[in-house]
Amino acid sequence: MSARDGQDEGRCAYRDYPTRGGCVRSDVMGRRGCGTAWHNGVMSSFLSRWLVVFIAAGVMVALLPGMTPIGDPPVAGVAAFAFFMAIINASIKPIVHMLALPFSILSFGLVALIINWLFMRLASWLALSIFGVGVVIQGFLWSVVGSLIMAVVSSLVGGIIGD
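Anyway, here's the lowdown on the structure attached to this text. Only a predicted model underlies this, so the values are computations on that prediction, with no experimental measurement involved. (Residues numbered from 1 in each chain as written. Predicted model: local features only at pLDDT ≥ 70, side-chain atom pairs only at ≥ 80, totals over all residues. Heavy atoms only, no water.)

## Here's the deal with the overall build of the chain
- In terms of helices and strands, the chain carries seven helices and four strands.
- Each helix (α) and strand (β) of the chain, taken in turn from the N terminus, gives the series β-β-α-α-β-α-α-α-α-β-α.
- The buried share of the chain, taken over its 163 residues, is 31%.
- A fraction of 58% describes how many contacts in the chain between residues 6 or more apart in sequence connect residues 24 or more apart.
- Summing over all exposed atoms, the chain offers an accessible surface of approximately 10000 Å²; the carbon and sulfur share of this is 70%. (Helix = DSSP H or I, 4+ residues; strand = E, 2+ residues; numbered from the N terminus. Buried < 20%, exposed > 50% of the residue type's maximum accessible area, 1.4 Å probe, protein only. Contact = heavy atoms within 4.5 Å. Areas by Shrake-Rupley, 256 points an atom, 1.4 Å probe, with all protein chains shown as cover.)

## Focus: the side chain of Asn116
- Note on placement: Asn116 falls in helix α6 (residues 110-130).
- The buried category is assigned to Asn116, whose relative accessible area is 17%.
- A distance of 3.3 Å separates a polar atom in the side chain of Asn116 from a polar atom in the side chain of His97.
- Residues contacting Asn116, with those up to four places away along its chain left out, are Lys93, His97 and Ser147. (Polar contact = N/O pair within 3.5 Å; in protein donor to acceptor, adjacent residues only side chain to side chain.)

## Topic: the packing of helix α2 (residues 42-63) against helix α7 (residues 140-161)
- The geometry of α2 relative to α7 is characterised by a closest axis approach of 8 Å and an angle of 135° between their N-to-C directions. Relative to α7, α2 is oriented oblique. Between α2 and α7 the crossing geometry is right-handed. Residue-level contacts link Ser48, Arg49, Val52, Val53, Ile55, Ala56, Ala57, Val59, Met60 and Leu63 of α2 to Gly146, Ile149, Met150, Val153, Ser154, Val157, Gly158 and Ile161 of α7.
- When its residues are assigned to classes, the contact of α2 with α7 shows 13 nonpolar, four polar and one charged. (Axes fitted to C-alpha atoms, helices over the stretch in contact; angles between N-to-C directions. Parallel < 35°, antiparallel > 145°, perpendicular 65-115°, else oblique. Left-handed = near helix turned anticlockwise from the far one by under 90°. Nonpolar A, V, L, I, M, F, W, Y, C, P; charged D, E, K, R; others polar.)

## Here we look at the environment of Ile161
- The topology assignment puts Ile161 in helix α7.
- Ile161 gets classed as partly exposed once you look at its relative accessible area, which sits at 42%.
- In the structure, Ile161 is positioned 113 residues away from Ser48 in sequence and 8.4 Å away in space, judged by C-alpha atoms.
- Sequence-distant contacts of Ile161, that is, excluding residues within four places in its chain, are made with Ser48 and Val52.

## Focus: the packing of aromatic side chains
- All chains considered together, the criterion is met by six aromatic pairs.
- Residues Phe84 and Phe131 carry aromatic rings whose centres are separated by 5.7 Å and whose planes lie at 40° to one another, so their mutual orientation is tilted. Here Phe131 lies in the loop between α6 and β4 (134-137) and Phe84 lies in helix α3 (residues 74-90), a separation of 47 residues in the sequence.
- By relative accessible area, Phe131 is classed as partly exposed at 47%.
- Ring geometry for Trp117 versus Phe140: centroids 5.7 Å apart, planes at 80°, classification edge-to-face. Placement of Trp117 in helix α6 and of Phe140 in helix α7 is noted, with a sequence separation of 23 residues between them. (Phe/Tyr/Trp six-rings, centres within 6.5 Å; stacked < 30°, edge-to-face > 60°.)

## Section: α2
- The terminal C-alpha atoms of α2, which comprises 22 residues, lie 32 Å apart, in line with the 32 Å expected from a rise of 1.5 Å per residue.
- Regarding α2, the residues found buried are Val52, Val53, Ala56, Ala57, Met60 and Val61. Mapping the buried residues of α2 onto a view down its axis gives an arc of 165°, with all of them on the same face.
- Against β3 (67-70), α3, α6, β4 and α7 lie the buried residues of α2. (Expected span 1.5 Å × (residues − 1). Arc of directions from axis to C-beta.)

Listed below in structure tokens is the structure:
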């Protein structure tokens, strides 16, 4: 092999990046590897996060009578709810919490609880509207208790699977 192929004595050619297993070529835009979401770990990271939220939502629905799964089988409702919760948690929730931080501090966390309740309602509405299955939340108190259960279970499961 030539130095241009990146296999010459562990050195990488121009526009290649050294890794433990050899060299990774970059494309014209300077992105490393093949540039797909699967290769870069974005999709696998989302799937592992969705799995964690799915397990936490399943525990929440099993423990709380104010959370009712809709769908046949009920696991499909929990899966759809967890899917939208994972999307919301990864996309808009950090931004909204950062914007609401001053109000949350002034209200001793009440605004954060209201935001979590709204996002749980949004995930429930999206799952029921798009897939016809989901989790119905009976009220604000159930969503607060559900958020606490989901936080504890998510951190435990995330620690176990390394998320």
